[in-house]
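Architecture at a glance
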Amino acid sequence: MNVECQIKYKKMKDKIFALFISTCLAFSAGQIDTSVCTGQIPGPNDPPGPPSLPNVFEVHVEANINNRNYTSEYHIWYDQLHNQVATHVDNAGTRTEDLYRFDTNEFYHVDRDNGICTVQPLFRSPQLFLFGTATGDKATMKTPNQFLHFNETGIQQKWINQTVVRGITCNLWRSCLYWDSIKATMVVDWYFSAPSWTTSRLSPQLPVRAHVYGKTVMQNGKKRPFDHMYEFADFNPNPGRHTSAYQTPTGVYCPRAKNIKPLPTPSSSFHFTAEIIFGQSISRIKEWYDNDMNLVRYDYDPLGTQKYGTLPLTQVHDFNTGVAYIIDSLRGNCTATPISNTGFDVRNADPTHVRIRTSKEFFYFDKAAYIYEGQRSVRSIKSDVWIAQRNDWPVPNSPNSTWEWYFATPNYTSNFITVFGNPTRMVLDAGLGQHYVYNIYDYNERRPMIWSYDIGNCFNYTERQDFSFKLPGSYRKLVNGNMELFRYAVLRAIVKAGTINKINLSPLRVYNIQIDYADNNDIIVQFTLLDKAPQLGDVSNPKPENSLKVVAKSISGAINGGQLIVRLQVPLVPPANMVARQYSLSPGKMIKDAYYKQTKQGASTSTGVSGGAMAGMGVALLVVFFVIGVAATYFYYRRQGGAFGPKKFGDEDITSSDT
């Protein structure tokens, strides 16, 4: 709607809303047009005046502007308890919404058809007079009697008779009003249902009709008659807290609106499953993200013809080395390639280097002013909603896109740890048909099993080696009852033993930890050690790595010197320090009956280890989850012809042949 149309519309609306307007309305015999009315004096035998309306109500009003031959419809919500008024207006083919927020001193005007919203201080709004008054920069809400102009000081109302309106028996009260700002004199006839009439909501004496007619003096001095009929329907004196009525429509962003509730701050690690709805297609993706470990993983089913085929794929991005591992989850094929700067988990550190996105960047919480909209129900979950607009998705200087985030309200409980909150949905609208809905399930900030990051298939038999060693002592019962804690304790010990000259052994290189028991009750530990990353990507400071041979020699030396100690700490039990038997490190597989089978690639469990426990090595232990910006950009690039994604499996593949 252009400015001229807005001005014309405002003037028209001011006129047809004449019943409710102006603090200037007052009885004034000196200026009144006596040809219209001369004032009303109540008779001694008149019944009591019209009832006062409640301070919270909802009503539909049909405004028939008889002298102009048109009709407008209003849906009004009035809530003096919370200092808010909302109106939805249908007029001459346009649909608008006005929000009067006296609690935050804001006025919102929304074009509901085009999703355009403007916000200004309420005390400056030219429409404040409808429902409030201003003193300096403070707006005060009118009472129902004040804005409807009855039972108000200075206005006399006379009972006329009892009559029938729309089949309803009504009492008619009449008043004579003068509006000085437009030199208008008017008769206001109020029709309220009679006390004997039973209303649909069992509320006595509800407004049924207001007839406003009279004359106004034009600028040229001529008088022009006007005649307005307002029909009240479905008056609800007990609407409850209809919060959605006092909110902007879904997906509408209002620049310069005040944010009355801070946006949640995402944790440094998380994982979840997302259902992505785009048009008539539904896709799913599992996402892991760990900023502390510089690791990202996501599992997805490619659609259509893809460079890596159409079987389920897993991508593990190791930002420590800058390498992306793309794994065919069913066949076990793997490609190692530098992490692409077009990835949705990537930001450019400089023109030639990449880095992992921060958790705020993953959720697109950075560089945007999110505004709290209120609460809505999504998937039958009552959710707090925030909205923002930005111009850098999917690439910088893109047209504006709107991001709307839903989080379950704090009264909902979850089986998962959520410091950040429990996101339930994100809606992304970038225009031009780019509309995505992300339903988020199983959001969890607890670290999943490290074994989920299995990149073993990306290394052939010359680039990995199986080893075994023994732990003497009577620890069988303790280990059996705390198997996951034991495996993590073994991993920490191996990482420490394989760290040489401050060059840390990446936990990614240790996997498939299994155990068995020897006849003498020794615990046999078997693990697979991978070689260093096959190449380095374009990260600013890739972490140096020692070769498989060097790391194996270091671990052997630690065992032979009695320095490989598996420290198993179980709650309420004294720590058990298990020292590896000297000279027990052997290449190859020794275990005959594994008490802990290798976790299938991609599996995770709810049992986890705290970040503090894992960080004791100076090297945190990976795992964890990824984000929504991920899926958003992924599906955008995929539909743009595959600009996102690694290259096809080729001669440079690092494919496992060792089963």
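Residues numbered from 1 in each chain as written. Predicted model: local features only at pLDDT ≥ 70, side-chain atom pairs only at ≥ 80, totals over all residues. Heavy atoms only, no water.

Considerations on the overall build of the protein chain
Here is the rule we go by: Runs of H or I in DSSP of at least four residues are treated as helices and runs of E of at least two as strands, each being numbered from the N terminus. The buried label applies to any residue whose accessible area, calculated with a 1.4 Å probe on protein chains only, is under 20% of its type's maximum; exposed applies above 50%, and partly exposed to all values in between. The contact criterion used is simple: two residues touch if any of their non-hydrogen atoms lie within 4.5 Å. Surface accessibility follows the Shrake-Rupley procedure with a 1.4 Å probe radius. Residue values consider only the protein chains on display as shielding.
Assigned secondary structure in the protein chain consists of eight helices and 32 strands. Looking at the 659 residues of the protein chain, the share that counts as buried comes to 53%. Within the protein chain, contacts between residues at least 6 apart in sequence are counted, and of these 61% link residues at least 24 apart. When the accessible surface of the protein chain is totalled, it reaches about 29600 Å², and 50% of it is carbon and sulfur.

A look at the sheet that holds strand E25 (residues 423-429)
To keep it simple, the criterion reads: DSSP bridges decide pairing: two strands pair if at least two such bridges lie between them. Axis definition: a line fitted to C-alpha atoms, limited for helices to the stretch in contact. Angles are taken between N-to-C directions and run from 0 to 180 degrees.
In space, the 11 strands of this open sheet follow the order E19-E18-E17-E16-E15-E14-E26-E25-E24-E23-E22, with antiparallel pairing throughout. The outermost strands of the open sheet, each flanked by one partner alone, are strand E19 (334-338) and strand E22 (371-378). With strand direction ignored, the average angle separating the axes of adjacent strands in the sheet is 20 degrees. Sheet analysis places strand E17 (residues 313-318) next to strand E18 (residues 323-328), joined by six bridges and oriented antiparallel.

A closer look at the sheet that holds strand E9 (residues 158-165)
Here 11 strands make up an open sheet; going across it, the order is E6-E5-E4-E3-E2-E1-E13-E12-E11-E10-E9 and the pairing antiparallel. Looking at strand neighbours, the two that pair on one side only are strand E6 (116-121) and E9, the edges of this open sheet. Between one strand axis and the next, the sheet turns through 20 degrees on average, direction left out of account. Taken together, the eight bridges between strand E3 (residues 84-91) and strand E4 (residues 94-101) define a ladder with antiparallel strand orientation. Looking at the pairing, Asn-91 lines up with Thr-94 of E4.

Examining helix H6 (residues 548-560)
We apply this condition: The span one expects for a helix is its residue count, reduced by one, times 1.5 Å. Comment: arc refers to directions from the helix axis out to C-beta atoms.
Taking 1.5 Å per residue, 13 residues should reach 18 Å; H6 reaches 18 Å between its end C-alpha atoms and fits that length. For H6, every residue scored as buried is listed here: Leu-548, Val-551, Ala-552, Ser-554, Ile-555, Ala-558 and Ile-559. Taken end-on, H6 shows its buried residues confined to a sector of 160 degrees, consistent with a single buried face. For H6, the exposed residues set more than 90 degrees away from the buried face come down to Lys-549 and Lys-553. Buried residues along H6 sit against strand E27 (464-471), helix H5 (483-497) and strand E29 (523-530). Where H6 ends, the next residue or the one after it, Gly-562, has phi of about 70 degrees, a positive value.

Here's the deal with the environment of Phe-226
Relative to the helices and strands, Phe-226 is located in strand E13 (residues 223-236). When the C-alpha positions of Phe-226 and Tyr-213 are compared, they lie 5.5 Å apart, and in sequence the two are 13 residues distant. Phe-226 has contacts with Asn-67, Ala-184, Thr-185, Met-186, Val-212, Tyr-213, Gly-214, Lys-215 and Thr-216, leaving out every residue within four places of it along the chain.

Focus on the environment of Cys-176
Counting through the fold element by element, Cys-176 comes out in strand E10 (residues 168-179). With relative accessibility at 2%, the residue Cys-176 sits in the buried group. In this structure the C-alpha to C-alpha distance between Cys-176 and Val-212, which are 36 residues apart in sequence, comes to 9.9 Å.

With respect to the pairing of strand E24 (residues 401-408)
Burial analysis of E24 places eight of its eight residues in the buried class, which makes it a mostly covered element. Burial of E24 is two-sided: the residues Ser-401, Trp-403, Trp-405 and Phe-407 facing one way and the residues Thr-402, Glu-404, Tyr-406 and Ala-408 facing the other way are all buried. Two strands pair when backbone bridges link them, and E24 and E25 are joined in this way by six bridges, in the antiparallel orientation. Bridge pairing in E25 links Thr-402 to Asp-429.

A few points about the nonpolar core
In plain terms, the rule: To qualify as a nonpolar core, a set must consist of buried Ala, Val, Leu, Ile, Met, Phe, Trp, Tyr and Cys residues joined through side-chain atoms within 4.5 Å.
Counting 41 residues, the largest nonpolar core has Phe-363, Tyr-370 and Trp-405 as its most contacted members. Per-element tally for this core: the top contributor is strand E14 (residues 269-278), with five residues. Those residues in contact with Tyr-370, other than ones at most four positions away along the chain, are Asn-259, Leu-263, Phe-363, Tyr-364, Phe-365, Trp-386, Ile-387, Ala-388, Trp-403 and Trp-405.

Considerations on the environment of Gly-562
Here Gly-562 lies in the loop between H6 and strand E30 (565-568). Between the C-alpha atom of Gly-562 and that of Arg-581, which follows or precedes it by 19 residues, the distance is 7.2 Å. Once you skip the residues sitting within four places of it in the chain, Gly-562 turns out to touch Val-579 and Gln-582.

Considering the pattern of salt bridges
Using the following cut-off: Think of a salt bridge as a Lys or Arg side-chain nitrogen and an Asp or Glu carboxyl oxygen that are within 4 Å of each other.
Across all of its chains, the model carries 22 salt bridges by this definition. The partner of Arg-201 in a salt bridge is Asp-234, and the shortest N-O contact between them spans 2.7 Å. Remark: Asp-234 occurs in strand E13 and Arg-201 occurs in the loop between strand E11 (184-193) and strand E12 (207-217); sequence separation between them is 33 residues. What makes Asp-234 partly exposed here is its relative accessible area of 42%. The salt bridge partner of Arg-347 is Glu-361, with a shortest N-O separation of 3.2 Å. Linking Arg-347 in strand E20 (residues 346-350) with Glu-361 in helix H3 (residues 359-362), this pair joins segments that are 14 residues apart in sequence.

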